[in-house]
Structure formats: C-alpha cells, structure tokens
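# Summary of the model geometry
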4 protein chains.
Amino acid sequence: MQDNNKNEILITDEDALKYEAAMRYMLAKLDLINTGLSDELGRKAASNISGRVKSIESIKNKLRRKNRKITGKNVHDVIKDIAGVRAVCFFVDDLYKFHEQLTYHSDITILKVKDYIKKPKKSGYRSLHLICRLDMPFAGQMLHTTVEIQLRTNAMDYWAELDNQLRYKKENESSTQIGKKLKSYADEISSIDKKMMKLRNRISQL
Amino acid sequence: MQDNNKNEILITDEDALKYEAAMRYMLAKLDLINTGLSDELGRKAASNISGRVKSIESIKNKLRRKNRKITGKNVHDVIKDIAGVRAVCFFVDDLYKFHEQLTYHSDITILKVKDYIKKPKKSGYRSLHLICRLDMPFAGQMLHTTVEIQLRTNAMDYWAELDNQLRYKKENESSTQIGKKLKSYADEISSIDKKMMKLRNRISQL
Amino acid sequence: MQDNNKNEILITDEDALKYEAAMRYMLAKLDLINTGLSDELGRKAASNISGRVKSIESIKNKLRRKNRKITGKNVHDVIKDIAGVRAVCFFVDDLYKFHEQLTYHSDITILKVKDYIKKPKKSGYRSLHLICRLDMPFAGQMLHTTVEIQLRTNAMDYWAELDNQLRYKKENESSTQIGKKLKSYADEISSIDKKMMKLRNRISQL
Amino acid sequence: MQDNNKNEILITDEDALKYEAAMRYMLAKLDLINTGLSDELGRKAASNISGRVKSIESIKNKLRRKNRKITGKNVHDVIKDIAGVRAVCFFVDDLYKFHEQLTYHSDITILKVKDYIKKPKKSGYRSLHLICRLDMPFAGQMLHTTVEIQLRTNAMDYWAELDNQLRYKKENESSTQIGKKLKSYADEISSIDKKMMKLRNRISQL
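Residues numbered from 1 in each chain as written. Chains lettered and ligands numbered in written order. Predicted model: local features only at pLDDT ≥ 70, side-chain atom pairs only at ≥ 80, totals over all residues. Heavy atoms only, no water.

## Observations regarding the sheet that holds strand β3 (residues 46-53) of chain B
All names here are of chain B. One open sheet accounts for five strands, arranged β3-β4-β7-β6-β5; its pairing is mixed. Of all the strands in the sheet, just β3 and β5 (108-115) have a single pairing partner and so form its edges. Each adjacent strand pair in this sheet contributes to an overall mean axis angle of 20 degrees, direction not counted. Strand direction decides the pairing type here: β3 and strand β4 (residues 83-89), joined by seven bridges, are antiparallel. Bridge pairing in β4 places A46 opposite C89. The sheet contacts of helix α5 (residues 154-167) involve β3, β4 and β7 (141-153), and relative to β7 the element is tilted by about 95 degrees. (Pairing = 2+ DSSP bridges. Helix = DSSP H or I, 4+ residues; strand = E, 2+ residues; numbered from the N terminus. Axes fitted to C-alpha atoms, helices over the stretch in contact; angles between N-to-C directions. Contact = heavy atoms within 4.5 Å.)

As structure tokens, this is what we get:
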C-alpha cells in the first residue's frame, strides 16, 4: 500500500493488520451491546452491524479533500476513521442507548462525540459519530487504536446511501438542485423517524 | 420439538436439520445474486441478507391463526415459510431485479409470487414474497424444500418492525387507532421510497 | 429448557442468552489473540477456533456422571463448561502462548488450569483446559460468567474425536481393548507432536 | 493488481470479484455436503472448511516456479487454483465421500482428480485435489469458473503446514535433511491415519 507519487509507505501491512483486528474486536463489542440491549428492550435493538477498514485510496482522497499532504504522519494524525464500525438501529433513542452502553466498557475511551442528529450537516446528513480509543492487548503489548463508531437509524442509513452516490458526481447546477431535494427528503425522513418512535411508545404502553 | 397437547412430534430433528441446510444454501444464493447485481449496478444492491428457521412455537401460532389443527401433516402442508430468507434493498426496483436473478437458478422453482408492493396488505404491509422450491443434493439423495424469500426495501423493513410489535398486542380501541396511524405512515414511507428512487435515477444520469 | 422429572427450569432463557453472549465475546478474544500471535510468529497460530453452549441434555448427563442431583443450583455450581470455546493449534508450545496472552486481558480471570498435556487423563486424553471468569458489561450491569477454554493441537483434537465416539458406547470387553489401543495411539500422536515441533524449530533456524 | 515489470493488469477487479464469488458459493456447497454427510454418519464429517482467493503475488510466484511468462493469458490458462476451497476431515474415507457427494451437484464438473493420497508427492505430501468447473448465474449471464477443492485429513493438514514453512526456506544441505525427516514423518502420520480409521470402524460396530 504505497503512495505512488512519493513511494512512501502510508500504512504498513503491520498497521493494516492492527486496524483490522481493532475493527473486528469492536464489532464483537457492538454485538455484545446489541444482545444486552435487545434483551432489555424485548425487541431487536440494531438491525445490522458492520465494519470496514478504509482503503488506501479512500484515505488519500480524504486527505486531498482536507487539503493535507499525503504522508504517513498525516494518515495517522488526521484520519480518525481508518477502522470504522456501524450499528443501524430502528429507533433514534436506541442510538443514544448504544452510546451509553459503550461507556461501560473500560477499554473504550470516547474521545469525541459528533452528534449530527442534533446538528445535521448542511447536506441533511444525520448520524451519531463517536471517535473512540480502543485499548487492547495485541502480541504481548497494549495497543491503542482509534476507531470510529457510527450510529444511525435505518431511515438515516437509507438516506445516506443516496447522499453517498451524489457526493461522487461532478458538481453542476443539476447536482445542486438534487442536493437541495435530497436535503428536504432528509427532513421528511427525520420527521417519519420521530413519528414512528412516538407510535412505538404508544404501542409499548398497550 | 413436540406439541405438548398431543405428544405428536411436529418436526423431527432430521427435518429441522434439512430446513436449516436449505435456508443456509438459499442465503448463499442471495449472497451470490447480491454480489452480481452490485457489480452490475456499481453500488450495493442489498444492505442486509438474513435467514431463520421458524421456531416450533411460531409454527403452532400460525396454524392457530389459520384455524388449522396442529398436526405434523398440517405443518408441512400449510406452513410454507419454515425456512425463510430475506434481502433488504435500498430501492424498490432492486427487489424485482433480485426476483429476476432468482429465475436464472435452475435448482429454484418459484411456486408463488405474493406482491404486497403492488397490492399492499390492509395493514399497510409492503414486501415481495416468493414461495420457492429449492432442489438440493443432501446425504446422497435429491431433497425438495420449500423456502420463503422476502424482498423488501429498508423503508418497508423499518415499518414492518413496528407493525410486528403491534401485532402481538391485545386488540382494543387504541390498538385500532394505532393501526390506522401505522397504515398512514406506510403510505408516507412508500411515497418517500418512490421519491428516493426517482432522485437516484437523476443522480445516476449526472 | 426443563428437567422433565421435576418440572424445574434448569436454565432460564435469560441465562442461556448470557452464556451465549459470553461465549461469543470470548471467541472474539481468541480471534484477537490468534491474530496477534500469528503476526508475531510469522505463521498461523490456531488453525481453528470454535465455541458452543452446552445443551440441557449434555448438562443433565454430566450431572448424572458426577452423581449429582439435577437441580438449577447444581447446574450453576457444578458445571463449569456451559459456555465453552476451543482453539486448535498446530504446535504444543503455541497452546501455552495462547494461555499467556489470555492473562493480558484484564476482564478474564483464570480460576483453574487443568493441564492434561503434562498429566494426560488415564484414557490418554491431552489438552490444556482453563476455567475462566469473564467480566463483561451486559444490559447496564457487570456480568461475571464462567467459560471453559480448551487449547489443544490438531493431533490431540483428532484423537479426542475418536475418544469421544468411544465414550458413548456400552462398556464391555472389546470397548476396554479398544480403549487400550486408543491410549497407545495417544502416546504415538503425542510423540509425533514433539517431533514436528522440533522440526519446526530447525526449519525456522534455516 | 498489476505486474510491475510490464504494467499489464493480470487480473481485473471484475475477475477478482468473480473468483471471490465462486469461492464463496463453493464454500456453501461444501457446507451443505458436510451437513448431509454428518447427518448420515452420525458424527461430524469435516472439522473445518475454508477458502481463499490466491493473491497476485502467489500467482506470479507459481508462474515463475513453472517457468511460464507472467501474462494475463497464462494466469487464466495455467493457474487452476486462483479460487480454492478446503475441507479438512477426521478420516481418510470421508474424503472420498466428499468427492462422491460433489458429483451429485449438476453445476459442478470435476475436470481433474489429483489423488496425492494414493500417490503421495515426493515430499510426502498427501491430499485429494479436485480441479472443478463451477457454473453459476452471475449478473445475468452464466459464469464458468475453475475452482480447486482440496480434501485432506487433520493429520495431512498438520503435516502440510510444516511442509509449507519448509518450502519457502533457502535450499541447502540442512533443508534437504529436514525434508527427508519430514517425509518420514508423513509416512508415520499416514500410518496413524490408517490405524485410527480401523479403530473407528471397530468402535462403530460396538
């Protein structure tokens, strides 16, 4: 995994392995939290849990978007989501329950909370992002790895898929118009999320 | 797995194993179709693929709802979704693409198509259900197993989760009111699905 | 899950869920250890990692073999391997490396080490068994679950499979003879294990 | 994935995806066969099933060992194990049962059988290799992919691991001596395999 321009190795195979291991270990934690929460709530909390390690190509693109030089140092200092996991839940309040449960894991330190639900991005994007430090024993020493946890509802995930497709298209007048339309749908979807949660509360009181 | 009332074995361990094997094999087929479709479309087709074998308790409840006697014969004659798989896609048209791809598998015979998207259930429930026969070699002979395939969008899946919770509550006036509200949300969600698909088409033409 | 004789519930669904969750979480830890060790050794450490929750039938049989009453209390006091995981490694010394790595996990307490490699069972059975306490946050509280970890080589695993089949046959003269033969093969297999390890060391020094 | 010397793309991303899909689909077939055989035999047939797609580096090395030019054409014409799956069984006769079950799958054509059990390699290597053609619907057309299936016992797998480590060491006098020793252990392991199978037959007749 090399930057062709500089022939500098941006991420060693060793590092890639560690990010992969951290991602898988964090997935096991999300799975544990989901089992516990689902047991407590009497219904499935997350509908889907997944993870990925960012490809070297995506890392470079992200550095470019941030106007940062593509160096190994910047990869580690700037990119906080090389290892990333995601839990997709049915209801908005479940996301905050996931967040709370994560704080009970003594080997996870939440470094930063980006609540794009309370303050959506300009595009309309909503999700709860947690930048965490995961401490784990690895090959005889303690390893500290940054992992991004994304928590979102099915509805937000659905919207984000379209937003993601739009992002990589050339910017022109129609893309601006589509962006506006997409933003208005984000608000519509969010209002459905709220109504569904209210209805769930009424059902559970039956 | 016995019916306590009659001490008749409704599903032998042998049968349960076969349904489990058929379910897993069908999951592999959905995975293959998803990989192919995603490659063709240049984006993820299904966001989630899952399967389950119906528990003996659910089977009995379904027979009761259908006013049928709880006998081993009825289990096999009446219950067509003992083995069930589900693909959840982002867009409505992808569901029909999944359906089409399934017809290319010579060991799958689609016995019945229940299109609850074109004709939603009274409750507002939408999904595309396919009752299939899967032919597979098993322990030296050819086995023919009925498997239900459910194809639905993220939005339909989200709605179905709430509907499912309502279903098991006692019927009374408030539950009827909630049911009406849920139905109107189903229409709202479906209209979002259509708008998102239209927007996706515009994005892909950029 | 009931004991038919007494109609006492031996393991609640809630307990079963917790044992299942602990087993899965421990699997993730073995996976992490394996990734780290393999990285350190420059070769795959474990060839296979697996887990299971003991069925209610096996639990009862084990209590019977131990001449203990089948009660819920005895299930929890006597049976220490309701949740069990196993790592199968290529070489004997890797088993002790796994053991060492487990001690670096602050949420695992090794309660008992049964080293059936240094002191094989009369049958010839060899493996390293660790009875552990796993502390994990679950549904808002700290859960302490006993998990048995079995560490063995491929060769020991292979032998154990046959031994397991013999165990459930009625005892008679031929079974005693077969038992003796099996024991002598256990020694033969163990001697191969030692020779292979020695050869591995010579290869790695090339 | 490029050959740096020639800047020719040896395997397109599209091809890599197809090999990956074929490998996963074949894994599902091995899983199905294993479930059926285990049911028939009343014991676990395979202890482990796994698969991999050969890395571009391994493909190039294999072409070099075979003294063939590193070209995209040669990759597809010469390398038959780009997609590879492996089932590791407890007993030698189970390997041939796996082979037989594969012939019942109408979408698998066994192109070549390399029986390194009846005729071990000079090194002592034993396994049953099947070069197969797998026909599968993919993205609307029928795809024909070559997949190698390796069938071996636990004991053979164990030996192969050491052999594999030796293979990548520089050839000198000690490596020749170690090779001879390894070969003699292969015979010893094979004799254990035979004795264990005989014992299994005696146990099953108890």
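Having seen the model, we can carry on.
## A few points about the interface of chain A and chain B
Opposite the 36 residues of chain A that make contact, chain B presents 36 residues. Counting each side, the surface lost to burial between chain A and chain B is near 3800 Å², with a carbon and sulfur contribution of 69%. Looking only at chain A, the three residues that lose the most surface to chain B are A:Y158, A:M196 and A:L206, adding up to 21% of its buried area. At the junction of chain A with chain B, the criterion picks out two salt bridges. Of the charged contacts, one joins B:E188 and A:K195 as a salt bridge, the two residues approaching to 2.6 Å between their closest N and O atoms. Our count for the contact surface shared by chain A and chain B stands at six residue pairs in polar contact (both at pLDDT 80 or more). Sorting the residues of the side of chain A that touches chain B by element identifies β3 (46-53), α5 (154-167) and α6 (173-204) of chain A as the ones contributing at least two each. Here the side of chain A that touches chain B gets 18 residues from one element, more than from any other, and that element is α6(A). Partitioned by chemical class, the residues of the side of chain A that touches chain B number 16 nonpolar, nine polar and eleven charged. (Buried area = accessible area lost by both parts, 1.4 Å probe. Salt bridge = Lys/Arg side-chain N within 4 Å of Asp/Glu carboxyl O. Polar contact = N/O pair within 3.5 Å; in protein donor to acceptor, adjacent residues only side chain to side chain. Nonpolar A, V, L, I, M, F, W, Y, C, P; charged D, E, K, R; others polar.)

## Topic: the confidence of the model for chain A
Put simply, chain A has an average pLDDT of 92, and 97% of its residues get 70 or more. Reported for the predicted complex are a pTM of 0.92 and an ipTM of 0.91. (pLDDT = per-residue confidence, 0-100.)

## Brief notes about the arrangement of the chains
Separated throughout, chain B and chain C approach each other most closely at a C-alpha pair spaced 11 Å apart. One thing to see here is that chain A and chain D don't touch, and their nearest C-alpha atoms sit 11 Å from each other.

## Things to note about the interface of chain D and chain B
A common way to state how big an interface is: give the accessible area lost once the parts meet. Counting from both sides, the interface comprises 22 residues of chain D and, opposite them, 22 residues of chain B. In this assembly, chain D packs against chain B so that about 2100 Å² is buried in total across both faces, 60% of it on carbon and sulfur atoms. Along the contact surface separating chain D from chain B lie two salt bridges. Close ionic contact of B:R24 with D:D31 constitutes a salt bridge, the shortest N to O distance being 2.8 Å. Contributing elements (two or more residues each) for the side of chain D that touches chain B: α1 (13-41) and β4 (128-138) of chain D. For the side of chain D that touches chain B, the element with the most residues is α1(D), which contributes 13 residues.

## Quick word on the relation of the copies chain D and chain B
Between the two copies, chain D and chain B, the superposition gives an RMSD of 0.0 Å; the rotation angle is 180 degrees and the shift along the axis is 0.0 Å. What we have between these two chains is a two-fold relation. Nearest to the rotation axis, the C-alpha of D:A28 is located 3.1 Å from it, this being the minimum over chain D. A shared interface surface links the copies, since 100% of the contact residues of chain D are contact residues in chain B too. (Least-squares fit on C-alpha atoms with pLDDT ≥ 70 in both.)

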